[in-house]
Amino acid sequence: MNMNKVREDDDYSIVIFKPGTSPGEKRKGLFFFTVLTIIILAQAFYWLFANSVEPITWGMPFGMFTVVALILLEFATLAAMYWTETREDSNKGGAK
Amino acid sequence: MSWMITLSVIFIYLIIVFCIGSIAGRGRKSSVNEYIAAESSLGFVVLYFLMGGAIFSAFAYLGGPGWAYSKGAASFFIMGYCALGLVPWWIWGPRAARAGKKFNYVTQAQLFAGRFQSKGLSVIVAIVSILAFIQYITLQMKGSAYVFEIASGGRIPFWAGAAIAYIVVVGYVFFGGVRAVAWTNVFQGIFMVTTAWVLGLYFAFSLYGGPTNMFTEIAEKMPTHLLVGPGAKMGYVEYSTALLVSVLGFTMWPHLFMKAYTAESEKVLKRTIVWYPTFALFLVPVLFIGFAGIMQVDPEVLGAPDRILPWMFANMNFSPVAIGLVLAAALAAAMSTQDTITHAAGSIFAQDLIQPLKKEKLSDASATLWIRISVVGFGLISYLVAIFGGQTLVSLLLGSYGSIVQLLPVTAATFFWPRATKAGVIGGMLTGVVFNYLIVLKVIPKFAGVHPGLQGLILNILVLVVVSYLTKPMDRKHVQEYVGL
């Protein structure tokens, strides 16, 4: 691990990414972090935009449908994140 | 006579679970790592159900329909947080697993105690966890006792029903450790999900000709029931903060956190997180059952809202075998949570409370024995609390839900903030826990409907940061071992 790089900085500052993480990986990490945070906030504040019964969609009141739709969106996001990560690993020649 | 058939179905279910549990752990060696973490060998399917079974408790199966019936839209919150709960684990899970491999940890408190060089921290975490567990498991016991009561038409009293289910659980956990918990959860999970879908759709279609009609009728009769906010059963702030606290705190539950040590690889861990939201969709039909009950029975006739699921099929002229299957599924929900928590509580008690208080390190064999004894002991104590627990005790334990989320700052500090010190994390955690209890015990009033756990969490972070800066930083090399994971 690249210990020298850590030494140069303030030794006790917050470390979000492991030393040696590439800028591309950092960007990707931040992107998914932001998207998932938005999904969590949307789920917590769903009543701001979907606090109604009509239209009844997929047999559920609109509020319940929104909660379910957000769950599906979350699943898709997680799957995309997993997919990009494992694809990277196999490109590197299967990093363990 | 029909109750005997129903009861037989339930007993057959119990025998199957017991057999799966006993076989699962057979032929494995008797070590702490095997007993608690299955020597990091669990694959995706098993881990998925292990995590799923733990959360789909009696609360989801009996309480979920009860909420839909009595509180309406507030019940959507259960789905939302179940789906999101595991997301923060993407951050902690792999790091905890790496720490486990590096330092041979099998519990959450060991990780904190290692990073902050404090046995006291381990003891505090263990006490907070075990208090929370007792509350959690008492609920499950009431659930299983309830199932037996209905199945036998009141012939099996509360104390006996709770005992039967729990003896089976303690039995297979004692022998099989985490493997028994995992494999029984696979069976129980599949069983629960299937029953829920069949039942939820059946009620919606047979009583209303489909869910759309059902909800139209409900909205006509009770216009605010399917909404949150003023006039509904749950306010805006209450809904949002309850969801946020639950999502942040979910992976802090020690019995879930420590499962990071059981995964075969990081890929397995992450795949479990990806698929976990699908488990929450299983709550859709469960809530349907509760909604279907609204036009069928008056709340005053029903008594407690948790009785809605049993009431529904008791009045549908189902065959005794079908009733037995549904009740067995409810029992599966309760038991699949009981086993995970009993296993975790025994492990934590022995590893994080007894071990640090002993002078010399226990040998592997005697440590495993200690865990087994703790499993039985914890089982007995929580059983006694369920049977004899008074009102004061119950309200004390209620505060434990808000206490668990107080482990979040110390977790984040462990992995991301080298400057955090032992005094900082202990001070922060104690502040958060105490503040949360003061609100729960009504010493200080609740602020604007904000969840007490969230209020405690904010103070907790403040204290952690301030005290850490006021105290001497910890050894640089030591903390980098954890931050660089």
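Residues numbered from 1 in each chain as written. Chains lettered and ligands numbered in written order. Predicted model: local features only at pLDDT ≥ 70, side-chain atom pairs only at ≥ 80, totals over all residues. Heavy atoms only, no water.

*Asks:* Any chance you could break down the confidence of the model for chain A for me, citing the residues and the numbers?
*Replies:* Of all residues in chain A, 81% have pLDDT values of 70 or greater, and the mean over the chain is 83. Mean pLDDT across the elements of chain A ranges from a minimum in helix α1 (residues 3-8) of chain A, with 46, to a maximum in helix α2 (residues 23-44) of chain A, with 93. (pLDDT = per-residue confidence, 0-100. Helix = DSSP H or I, 4+ residues; strand = E, 2+ residues; numbered from the N terminus.)

*Asks:* Can you explain the pattern of salt bridges? Please cite residues and give values.
*Replies:* Residues and elements named next belong to chain B. Under the criterion given, the structure shown has four salt bridges over all chains. Between arginine 98 and glutamate 266 there is a salt bridge, and its shortest N-O distance comes to 2.8 Å. Of this pair, arginine 98 sits in helix α6 (residues 89-103) while glutamate 266 sits in helix α13 (residues 266-280), and the two are 168 residues apart along the sequence. Owing to a relative accessible area of 25%, arginine 98 belongs among the partly exposed residues under this scheme. Owing to a relative accessible area of 30%, glutamate 266 belongs among the partly exposed residues under this scheme. The shortest N-O distance in the salt bridge between lysine 102 and glutamate 481 comes to 3.0 Å. In this pair, lysine 102 is assigned in helix α6 and glutamate 481 in helix α24 (residues 476-483), connecting sequence segments 379 residues apart. For lysine 102, a relative accessible area of 45% gives the class partly exposed. (Salt bridge = Lys/Arg side-chain N within 4 Å of Asp/Glu carboxyl O. Buried < 20%, exposed > 50% of the residue type's maximum accessible area, 1.4 Å probe, protein only.)

*Asks:* Describe empty space enclosed by the protein, naming the residues involved and giving the relevant values.
*Replies:* In this approach the atoms are scanned with a rolling probe the size of a water molecule, which exposes any empty space left behind. All names here are of chain B. Enumeration according to the criterion identifies two cavities of 30 Å³ or more in this entry. By volume, the second largest cavity amounts to about 30 Å³. Leu62, Tyr146, Val147, Ile150, Leu309, Pro310, Phe313, Leu327 and Ala330 together form the lining of the second largest cavity. Those elements giving two or more residues to the lining of the second largest cavity turn out to be α8 (119-151), α16 (308-314) and α17 (320-357). (1 Å grid on protein atoms, 1.4 Å probe; cavity = no way out; pocket = protein on both sides within 12 Å on 5 of 7 lines; lining within 4 Å. Points joined across faces, edges and corners; volume = space filled by probe spheres on them.)

*Asks:* How would you explain the packing of helix α9 (residues 158-208) of chain B against helix α10 (residues 211-221) of chain B if you had to name every residue and give the values?
*Replies:* Residue and element names in this part refer to chain B. Two elements in contact, α9 and α10, have axes separated by 8 Å at closest approach and are oriented at 70°. On the basis of their axis angle, the class for α9 and α10 is roughly perpendicular. For the crossing formed where α9 meets α10, the hand is left-handed. Along the contact surface, α9 presents Ala204, Phe205 and Tyr208, while α10 presents Pro211, Asn213, Met214 and Glu217. Residues of the contact of α9 with α10, tallied by class, amount to five nonpolar, one polar and one charged. (Axes fitted to C-alpha atoms, helices over the stretch in contact; angles between N-to-C directions. Parallel < 35°, antiparallel > 145°, perpendicular 65-115°, else oblique. Left-handed = near helix turned anticlockwise from the far one by under 90°. Contact = heavy atoms within 4.5 Å. Nonpolar A, V, L, I, M, F, W, Y, C, P; charged D, E, K, R; others polar.)

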